[in-house]
Every structure is written in structure tokens, then in C-alpha cells.
Amino acid sequence: MIIALKKLPEQQTLQILCDRLKAIYVAYDNKHLLVTPSKTKEIPEDIMPLVDRHWIFPDDMQLASRQFMPEKRTINISGEITIGGNTNHCLVIGGPCSVESEEQIEASASFMKSLGISVLRAGSYKPRTSPYSFQGLGKQGLILLDKMRSKYGLKIITEVRDATHIEDIIEYADIIQIGAKSMYDHGILKRCGKTNKPVLLKRGFGSTLQEFVQAAEFILSGGNPNVILCERGIRTFETKTRFTLDLCGAAYLKHHTNLPIILDPSHAIGHAYGVPDLAKACLAMGIDGLLIEVHPNPKVALSDASQQLDHDTFARLYEDLKKLANALNIKII
Ligand code: PEP
Ligand code: MN
């Protein structure tokens, strides 16, 4: 249940209310909210005079639900760049899987800038499947991304892999990416609840939609309202593609949650040949953003080489996306 209080009580009273109701206090949009487990369906009578409104839910998808907030929330990335809200905007984010060197990230940044893309992606702490693969440049990569931000005026999305470097990611990123493998990392989720920076939360490839949204609830109930969901493919019986992009899931999230949704066709299919078709399908279904891996020379990429688009292919895709967006009355930003 979410209970909106008429006004913020004294600290001691608030603590007593939280203890009695087993609730988390969340300040949101000038509202004072007590969020209890969803199995709570009634408010004790003596508390009622303090209550302005309340919402009852069938499950623990509460702050993220449309029932609580019928409009999709708007998240400010920085300055004039926003995602979500009541717009027909689709934010296209591009860039390599990893920051590999200054030359590589500079080639990526200048290319993205030349196309008019405003957010550059690249990981610097890579959660690899094997300890023998490239693990990312770490802090050095963040410093390079920061340089690209200043030089090209791009915003940066980069991934936090574990709690050891979360403070650095919060400091350097414009959008913090929580990867599919970290969706259940409660240290990361809880720390991200304590910043106001936008967080892109990727769906674990073995997670249900309920589990995915509940992971987002950790960040929201921690006090950070700026959560973007990212569907990036789930594991199914199919082995010909790396994962299966769950467009049904995306439709569900669109309908039931108030969070902006980004789709990542690159990690879903795992092969560059399919990324343009999938990206167009994603745009056509009406989502808030696309995350696409693009590398100056995918053949030599140090991670996810098979799925990254080369610059020519991405430039053609970007043109096609703009044409499609035009026909659908969507604005690519
Ligand atoms: C990535 O974006 O490079 C990445 C590791 O993605 P995911 O967490 O979806 O596997
Ligand atoms: Mn990748």
C-alpha cells in the first residue's frame, strides 16, 4: 500500500508510523509517502486522520505502477534532454560496448556527435562471462569518457559492475547503467536509490517482469525517482540468437508501469545482422529509447564484437529510423 500523508510528521512520529506499518518513507513530488508491503490492505483507524490518500496494490509493484501514477514519469537527463513523459520522443543512444582506448572512444564520440546523437554509451567496468576476457579500463575509461563529454558535449551512460567503484560511476556518469547481471545486486540498487542521477536498469536475462520491476522498486523506494527500464533480451530455449527480445514484456511494462522504457536490440540478438530490423520494430512499437552498440571497427572489438554495428551501417540505420519516426509521428532525439 502507498499512503500519502497530509503533512510531514515530526521525525519521532514518522519513525513510529514506519515501524507500525513496516513502511518505507519516500518523499516524492512534494508528497510524503509511506510505502508498506502490498499485503497490507487496511490502515489502522487511529492513523486515518493523518492520511490524505492511499492506494492498494495486488503485488509489490507499487511506486512503479500506473495505478499509483497514471502518467509516465519524465526523467531529466540534463538540460534539455529528457526521457519519458507524455511525449512521442525516442532517445537513441549509441556507442561501443566498452571503452578500449582514447582513439577508439574518440572515433565513437566524434561520429555520434556528427550524427546529432546526444548520449554516448560505453562500459568501463565490464561484467564478463569469463575472467580471461577483457575486463574494461576501469577508472581510466571513466576519465576518457569525461574527456569526450567535455570535448563533444555528449552525455554519458556507463555501467556499474559492483559496489567497489559505484561512487566513481555516480560521479562520472550522466546515466548510471545497471547491467543485466547486476539487476539483483542490492548494494548497487540501494546506493542508486540514494542519488538523484538517472539510472538505466537492465532486466536480468532470467528474471520475470515482476522481479524486474521489484528491482526498480528498490531504487524508487530508496528515494531516487529517476529510473528507466531496459529490456535487453531474456534466455529462452532458442540458441540461434543470443537472447530473445521480449517485446511482449516491453508492451506489459509500457501498460503497467510509469517508468520510461528503452530497448536494447544489440544484446538481445547478439549478431549485428539483425540489429537494424529489430531497432525498427522497437521504434515502431512506441518506446522511449533505443540502446545500440556501435564500434569504429567491430571486427577488433574487445567485447561483444559480433553484435556491434560499424559506423556506415549505424548511419544508414539512423536515417531509416528518422524516416520511420516521421511516418509514425515520433521524434528521434
Ligand atoms: C552492455 O550494455 O554492454 C552489457 C553488458 O549489457 P547487459 O548487461 O545487457 O548484458
Ligand atoms: Mn555489450
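About the cut-offs
- Residues numbered from 1 in each chain as written.
- Chains lettered and ligands numbered in written order.
- Predicted model: local features only at pLDDT ≥ 70, side-chain atom pairs only at ≥ 80, totals over all residues.
- Heavy atoms only, no water.
- Near = heavy atom within 4 Å.
- Polar contact = N/O pair within 3.5 Å; in protein donor to acceptor, adjacent residues only side chain to side chain.
- Areas by Shrake-Rupley, 256 points an atom, 1.4 Å probe, with all protein chains shown as cover.
- 1 Å grid on protein atoms, 1.4 Å probe; cavity = no way out; pocket = protein on both sides within 12 Å on 5 of 7 lines; lining within 4 Å.
- Sits in = over half its atoms within 2 Å of the grid points.
- Nonpolar A, V, L, I, M, F, W, Y, C, P; charged D, E, K, R; others polar.
- Points joined across faces, edges and corners; volume = space filled by probe spheres on them.
- Helix = DSSP H or I, 4+ residues; strand = E, 2+ residues; numbered from the N terminus.
- Phe/Tyr/Trp six-rings, centres within 6.5 Å; stacked < 30°, edge-to-face > 60°.
- Buried < 20%, exposed > 50% of the residue type's maximum accessible area, 1.4 Å probe, protein only.
- Lys NZ or Arg CZ within 6 Å of the ring centre and 35° of its normal.
- Donors = N, O, S within 2.8 Å, 3.2 Å for Na, K, Ca; no water.
- Salt bridge = Lys/Arg side-chain N within 4 Å of Asp/Glu carboxyl O.

Participant: Which residues make up the site of ligand 1, and what values do they have?
Facilitator: Taken together, the neighbourhood of ligand 1 is formed by C97, R121, K126, E159, Q177, G179, A180, K202, R232, H267 and E293. The contact in question runs from an oxygen atom of ligand 1 to an N or O atom on the side chain of K126, over 3.0 Å. Contacts to ligand 1 include E293, whose side-chain N or O atom sits 3.2 Å from an oxygen atom. Calculation on ligand 1 without its partners gives an accessible area of 290 Å², and the protein chains cover 94% of this total. At a threshold of 2 Å from the grid points, most atoms of ligand 1 map onto the largest pocket. Residue composition of the shell around ligand 1, by class: two nonpolar, three polar and six charged.

Participant: Explain empty space enclosed by the protein to me, using residue names and the numbers behind them.
Facilitator: Going through the model one piece at a time under the given rule, you end up with one cavity of 30 Å³ or more. Each pocket or cavity is described by its volume, and for the largest cavity that value is around 70 Å³. Per element, the largest residue contribution to the lining of the largest cavity is three residues, and it comes from strand β2 (residues 24-28). Of the residues contributing to the lining of the largest cavity, the split by class is nine nonpolar, two polar and one charged.

Participant: Break down the packing of aromatic side chains for me, with residues and values.
Facilitator: What the rule picks out here adds up to four aromatic pairs. Ring centres of F111 and F314 lie 6.3 Å apart, and the angle between their planes is 70 degrees; on these two criteria the pair is classed as edge-to-face. Of this pair, F111 sits in helix α2 (residues 102-115) while F314 sits in helix α10 (residues 311-327), and the two are 203 residues apart along the sequence. For F111, a relative accessible area of 13% translates into the label buried. Relative accessible area serves as the criterion here: at 0%, F314 is assigned to the buried category. Pairing F314 with Y318 gives two aromatic rings, centres 6.0 Å apart and planes at 20 degrees, and the pair type is stacked. One end of the pair is F314 and the other is Y318, both in helix α10 and four residues apart, which spans about a single turn. By the burial criterion, F314 is buried, and Y318 matches it. Taken together, the ring pairs connect F111, F314 and Y318 into an aromatic cluster. Stacked on the ring of Y28, the Lys or Arg R73 has its end atom at 5.3 Å from the ring centre. Its end group placed over the ring of F243, R232 keeps NZ or CZ at 4.3 Å from the ring centre.

Participant: Which residues make up the coordination of the manganese ion (ligand 2), and what values do they have?
Facilitator: For the manganese ion (ligand 2), every protein donor is listed as C97 (SG), H267 (NE2), E293 (OE) and D304 (OD), and the spread of their distances is 2.1 to 2.4 Å. Motif for the manganese ion (ligand 2), donor spacing along one chain: C-x169-H-x25-E-x10-D. Taken as a pair, C97 in the loop between β7 (89-95) and α2 and E293 in strand β14 (residues 289-293) lie far apart in primary sequence, 196 residues in all. For C97, a relative accessible area of 2% puts it in the buried group. A relative accessible area of 1% places E293 in the buried class.

Participant: With reference to specific residues and values, describe the pattern of salt bridges.
Facilitator: What the rule picks out here adds up to 18 salt bridges. Across the salt bridge formed by D146 and R149, the nearest N and O atoms sit 2.4 Å from each other. Pair noted here: D146 and R149 are both in helix α3 (residues 139-152), with a separation of three residues, about one helical turn. Bridged by salt links that share partners, the residues D146, R149 and D174 form one connected network.

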